[in-house]
Amino acid sequence: MEAGALIIFALLVLFAFLGLGVWAAVKVVGAAKRGVDRTITQARRTVEDTALRAKSLGQVGVPGALAQLRLDLRTSMRATQQALYQGVQTDASLKESIGLFERLSAHGHELDEELKRLEQEPDRRRIADGLPELRERTAKITEASDSLRWAARDRARRFAQDDLTSLSEQIEMESGALRDWSRESVDDLAAAAEATGATGATGATGGSAAGDGAPAAGPRPAALNPSAPAAHYPWQKTPRPEATT
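The text that follows walks through the structure, step by step, so that each part is easy to find. (Residues numbered from 1 in each chain as written. Predicted model: local features only at pLDDT ≥ 70, side-chain atom pairs only at ≥ 80, totals over all residues. Heavy atoms only, no water.)

### Notes on the overall build of the chain
Alright, step 1. Across its full length, the chain carries four helices and zero strands.
Alright, step 2. Burial statistics for the chain: of 245 residues in total, 17% are counted as buried.
Alright, step 3. Within the chain, counting contacts between residues at least 6 apart in sequence, those at least 24 apart form 68% of the total.
Alright, step 4. Accessible surface for the chain amounts to roughly 19,300 Å². Of this, 61% is attributable to carbon and sulfur atoms. (Helix = DSSP H or I, 4+ residues; strand = E, 2+ residues; numbered from the N terminus. Buried < 20%, exposed > 50% of the residue type's maximum accessible area, 1.4 Å probe, protein only. Contact = heavy atoms within 4.5 Å. Areas by Shrake-Rupley, 256 points an atom, 1.4 Å probe, with all protein chains shown as cover.)

And the structure:
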């Protein structure tokens, strides 16, 4: 029984690892595919924008006007999208603005597709008659897009200014506190030095007083003094000098 349970447990662990590996492989492949799709989309947009810019500059009449309208529309919408989606990472209140922008994007995509179809329309006169209405629609969408973008940027700039002002005030307060702390430290060190000097002087004075009360040092040992002359008594005979030959 124990051996069978161990085998079953080992199989379960093996299957779990296999499933985890398959899931990781699928995630990696999906991420790579999304990266490739994103790159292809960006490249396609770059090529299309370049073509529109060339048409707006190199062609006159209806084709140039349609290309310029598409270019203005796409440039404004893309800039607003980038500003909002980057700003929402630090300002959650922009989520409502993103919702409005998504609704505006639907109108923008619809107009862009219509302008794209009109580029292939052979009846240039009819398109020319409809250009004022197309310009008005484009202007409404781009003005709304620009309004959202600049409002988001003004909000971010105001928050940055308020944060900088608050930070500057805090730094000024901290700088003042540091300067006060430095002066107090110098005063404390000076007071401590004075107290130490006073204590040393008191100890020296006490030592001198104790030395005055101590007995004076005694005479040096006799061995260090010169020998005293021998006393001469009258009953002593004068020593006779030795005879010399």
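### Quick word on helix 3 (residues 95-119)
Alright, step 1. Between its first and last C-alpha, helix 3 extends 35 Å over 25 residues, near the 36 Å set by a 1.5 Å rise per residue.
Alright, step 2. Ser 97, Ile 98, Phe 101, Leu 104, Ser 105, Gly 108, Leu 111, Asp 112, Leu 115 and Glu 119 are the residues of helix 3 that are buried. (Expected span 1.5 Å × (residues − 1).)

### Points about the pattern of salt bridges
Opposite charge on two side chains makes pairing possible when the charged atoms of those side chains draw close.
Alright, step 1. Scanning all chains against the criterion turns up ten salt bridges.
Alright, step 2. The partner of Glu 119 in a salt bridge is Arg 70, with the nearest N and O atoms 3.4 Å apart. Of the two residues, Glu 119 is situated in helix 3 and Arg 70 in helix 2 (residues 62-87); the sequence distance between them amounts to 49 residues.
Alright, step 3. We note a salt bridge from Arg 137 to Glu 133, for which the minimum N-O separation is 3.9 Å. (Salt bridge = Lys/Arg side-chain N within 4 Å of Asp/Glu carboxyl O.)

### As for the side chain of Ser 97
Alright, step 1. Looking at where Ser 97 falls in the secondary structure, it is placed in helix 3.
Alright, step 2. Residues contacting Ser 97, with those up to four places away along its chain left out, are Leu 84 and Leu 148.

### Examining the environment of Leu 71
Alright, step 1. Mapped onto the secondary structure, Leu 71 falls in helix 2.
Alright, step 2. Classification of Leu 71 as buried rests on a relative accessible area of 8%.
Alright, step 3. A sequence separation of 18 residues divides Leu 71 from Arg 53, and the C-alpha atoms of the two residues are 6.9 Å apart.

### Some details on the nonpolar core
Alright, step 1. Among the nonpolar cores identified, the biggest contains 20 residues, and Leu 66, Met 77, Leu 111, Leu 115, Leu 131, Leu 134 and Ile 141 are the most heavily contacted of them.
Alright, step 2. Only helix 2, helix 3 and helix 4 (124-213) provide two or more residues apiece to this core.
Alright, step 3. The dominant element in this core, judged by the number of residues it contributes, is helix 2, at seven residues.
Alright, step 4. The residues contacting Leu 131, other than those within four sequence positions of it, are Val 62, Ala 65, Leu 66 and Leu 69. (Core = buried A, V, L, I, M, F, W, Y, C linked by side-chain atoms within 4.5 Å.)

### Brief notes about a nonpolar patch on the surface
Alright, step 1. A cluster of nonpolar side chains, Ile 7, Leu 11, Leu 14, Phe 15 and Leu 18, forms an exposed patch at the surface whose accessible area comes to about 500 Å².
Alright, step 2. Turning to its location among the elements, Ile 7 is positioned in helix 1 (residues 2-58).
Alright, step 3. Ile 7 sits in the exposed class, given a relative accessible area of 53%. (Patch = residues over 30% accessible without salt bridge, like charges linked within 9 Å, V, L, I, M, F, W, Y side chains within 5 Å.)

### Quick word on the packing of helix 2 against helix 3
Alright, step 1. Packing of helix 2 against helix 3 brings their axes to within 10 Å, and their N-to-C directions diverge by 160°. Compared by their axis directions, helix 2 and helix 3 come out roughly antiparallel. At the point where helix 2 passes helix 3, the crossing takes the left-handed sense.
Alright, step 2. The class makeup of the residues in the contact of helix 2 with helix 3 is 13 nonpolar, five polar and six charged. (Axes fitted to C-alpha atoms, helices over the stretch in contact; angles between N-to-C directions. Parallel < 35°, antiparallel > 145°, perpendicular 65-115°, else oblique. Left-handed = near helix turned anticlockwise from the far one by under 90°. Nonpolar A, V, L, I, M, F, W, Y, C, P; charged D, E, K, R; others polar.)

### Digging into the packing of aromatic side chains
Alright, step 1. If you walk through the whole model with that rule in mind, you get zero aromatic pairs.
Alright, step 2. One residue, Arg 153, lies across the ring of Trp 150, its end atom 5.1 Å from the ring centre. (Phe/Tyr/Trp six-rings, centres within 6.5 Å; stacked < 30°, edge-to-face > 60°. Lys NZ or Arg CZ within 6 Å of the ring centre and 35° of its normal.)

None of this, on its own, says anything about what the molecule does.
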